[in-house]
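Chain residues, written in single-letter form:
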Amino acid sequence: MATSLTTGRPWRVILLFTLPLMIGNVVQQMYHFADTIVVGRLLGVDALAAVGATGSLLFLLLGFAWGLTSGFAIPTAQAYGAMDAAGVRRSVATGAVLSGITTILLTVGAPLLAHPALVLLQTPPELLADATIFTQISFLGAGALMFFNFLSAVIRAIGDSRTPLIFLIVSCGLNVVLVIAAIAWLGMGVAGAALATVIAQAVSVLLCLEFVRRRIPELHLRREDWRITRVDIVRHLRLGLPMGFQASIIAIGALTVQVALNTLGGEAIAAYTAASRVDGLAVALLQSMSLAVSMYVAQNYGAGRPDRIRRGVVQATWIAIGTAVALGILLISFGGPIVRIFVGDGADEVVHLAVSMLVINGLSYTALGVLFVTRGALQGLGNAVIPTVTGVVELIARAAAAILLGSLFGFIGVAWSNPLAWISAAVILIPSYIRAHKRLATMPMAPMTITPTTPIAVIGPVDGSMTVETVVTQPVPLPAYPSRMRQVLRRRSGSARRLTRKR
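Residues numbered from 1 in each chain as written. Predicted model: local features only at pLDDT ≥ 70, side-chain atom pairs only at ≥ 80, totals over all residues. Heavy atoms only, no water.

Labelled according to an unreviewed UniProt entry, the protein appears under the name MATE efflux family protein, originating from Microbacterium oleivorans. For the record of the protein, the UniProt heading Subcellular location (unreviewed entry) holds the text "Cell membrane". (UniProt positions renumbered as here; feature names shortened; annotations may be inferred.)

Pasting the structure below:
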């Protein structure tokens, strides 16, 4: 259901919008947990390491797709906040066309690059065959991932973060069932794990399309909406490409980490894979704040409410810090038993290395939480430069730490690459948002208007009968509507007053 993020207490609005995102990320990570457990337990540590060896390469391109579609949804949220119905539809059409073009490029080109790229990353020979198969199948199904992310982002852009959560739960549940069936029953190995993910995501795309058709008339596109202009394309690419490149830049740093791990052997790769699954849950929870803040800021920016942006971002920062501290304590305290679920008995060295990484990351989540909030706020304001710059900074910091510290301290040195990248990016993002925060204080706010309301039923005599005597209105802030919307509101307001006089 479409929801405006431009009214209500900012912290409450952001938190309520974030919770479904957090639950969705937990569900998604639970799928990764199940996937890792099935692969590690049924196929062995080498198969687990082979799947783990593909993570950075997949993130390089599929992460780009995720960032791209998230950027395409920001103009949608801004148009929705401004109550520009035509602008919402035109934004959705533009994003759909650009997502389709990107899907074609990924599906055709990426599978051909899988094997050479894994060789270039110095993937151990005993892992190369399984890693190649897993990567190629994942890339061939890139379209399902791309459009599920795009449709979810668009639905969230109009304030509905619950429906994508429901579809994600269905997708992840189906994914787990298919992974078990493909590996345990059909004997398809790691290829079955990749294929299960593609099928489950394709089902979620169909669910999203059917939901939009039935329940969200605001997103029903008309023929004229597909007549997108060069201005529409440039605007969406100006936000989508930097967010996509930002994810890819981070992934390049992760590739550097992968190379450093590949030189340390299968145990190090398996430990990093297992630790990343646990760490990924915490990171995903904090990342939910970034997306929620981005949509909140975009809608309020479109509605002309800089005061709500200022309050909301500050309150979201404190929520993120509190969440980061709690997550750090949990992972440091219970990381060991969780890691053992993935690898079973007889892999003490893998567990020891993975726990060391979780302790290092858990102590650094506060910086990551602040990073996500400030980055999301800047992206919601349409500032794509600084977030991209911080992506480059993360790349440099992560690569330098993995290479230099990895050569000096082995696995522990590589494990420090993520926290150092987070801290380096936060050092740039915090001053950048503070400057934007000050500029928002000088922006004019949308005028206060009287909203048209429907008659309110007032309880009458004690016998339970009811009577309608009056219309109650109160001033609430609204954006400057397009002229057509003003006319509609005037007509509705006049109809309400005439109805009241008749009664």
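With that settled, the discussion passes to the packing of aromatic side chains. Per the counting criterion, the structure on display carries three aromatic pairs. Relative to Phe411, the ring of Tyr272 lies with its centre 6.5 Å away and its plane at 75 degrees, an arrangement referred to as edge-to-face. Placement of Tyr272 in helix H10 (residues 266-302) and of Phe411 in helix H15 (residues 411-415) is noted, with a sequence separation of 139 residues between them. Accessibility assignment for this pair places Tyr272 and Phe411 in one class, buried. (Phe/Tyr/Trp six-rings, centres within 6.5 Å; stacked < 30°, edge-to-face > 60°. Helix = DSSP H or I, 4+ residues; strand = E, 2+ residues; numbered from the N terminus. Buried < 20%, exposed > 50% of the residue type's maximum accessible area, 1.4 Å probe, protein only.)

At a closest axis distance of 9 Å, the pairing of helix H12 (residues 348-362) and helix H16 (residues 417-441) adopts a crossing angle of 15 degrees. Accordingly, the angle class assigned to the pair H12 and H16 is roughly parallel. Pair H12 / H16 crosses with right-handed handedness. Facing H12, whose interface residues are Met357, Ile360 and Asn361, H16 presents Asn418, Pro419 and Trp422. (Axes fitted to C-alpha atoms, helices over the stretch in contact; angles between N-to-C directions. Parallel < 35°, antiparallel > 145°, perpendicular 65-115°, else oblique. Left-handed = near helix turned anticlockwise from the far one by under 90°. Contact = heavy atoms within 4.5 Å.)

Here Gly380 is to be found in helix H13 (residues 365-380). Once the C-alpha coordinates of Gly380 and Leu239 are considered, the two residues, 141 residues apart in sequence, prove to be 9.5 Å apart. Beyond its immediate chain neighbours, meaning those up to four positions away, Gly380 contacts Ile74, Gln78, Ser294, Val297 and Ala298.

Let us now look at the pattern of salt bridges. Close approach of charged atoms lets side chains of opposite charge pair. What the rule picks out here adds up to eight salt bridges. Here Glu210 ties to Arg213 by a salt bridge, and the two come within 2.7 Å at their closest N and O atoms. Pair noted here: Glu210 and Arg213 are both in helix H8 (residues 189-215), with a separation of three residues, about one helical turn. Among the residues examined, Glu210 registers a relative accessible area of 31% and is labelled partly exposed. Note that Asp307 and Arg311 form a salt bridge whose closest N and O atoms lie 3.7 Å from each other. Of this pair, Asp307 and Arg311 both sit in helix H11 (residues 306-343), four residues apart, which is roughly one turn of that helix. Exposure remark for Asp307: the relative accessible area of 18% places this residue in the buried category. With a relative accessible area of 39%, Arg311 lands in the partly exposed category. Salt bridges sharing partners connect three or more residues here, namely Glu210, Arg213 and Arg214. (Salt bridge = Lys/Arg side-chain N within 4 Å of Asp/Glu carboxyl O.)

Right, let's talk about the environment of Leu286 for a bit. With respect to the element layout, Leu286 can be found in helix H10. Residues Leu286 and Leu371 lie 85 residues apart in sequence; the distance between their C-alpha atoms is 9.5 Å. Excluding residues within four positions of it along the chain, Leu286 makes contact with Ala320, Thr323, Ala324, Leu327, Tyr365, Leu368, Gly369 and Phe372.

This part covers the side chain of Thr54. Tracing the sequence through the fold places Thr54 in the loop between helix H2 (45-53) and helix H3 (55-81). Once residues within four sequence positions are removed from consideration, Thr54 is found in contact with Ala131, Phe134 and Thr135.

In this section: the nonpolar core. Nonpolar side chains in soluble globular proteins tend to be buried together. One finds Leu261, Val293, Val297, Val313, Tyr365, Phe411 and Tyr433 to be the most contacted residues of the largest nonpolar core, which totals 76 residues. For this core, the element with the highest residue contribution is H10, accounting for 20 residues. When residues of this core are assigned to domains, at least three map to each of domain 1 (1-228) and domain 2 (242-449). Not counting residues up to four positions away in its chain, the partners in contact with Leu261 are Ala268, Ile269, Tyr272, Phe411 and Val414. By size, the runner-up hydrophobic cluster in this structure holds 27 residues, among which are Leu57, Ala142, Val179 and Ala193. (Core = buried A, V, L, I, M, F, W, Y, C linked by side-chain atoms within 4.5 Å. Domains from an automatic or database assignment.)

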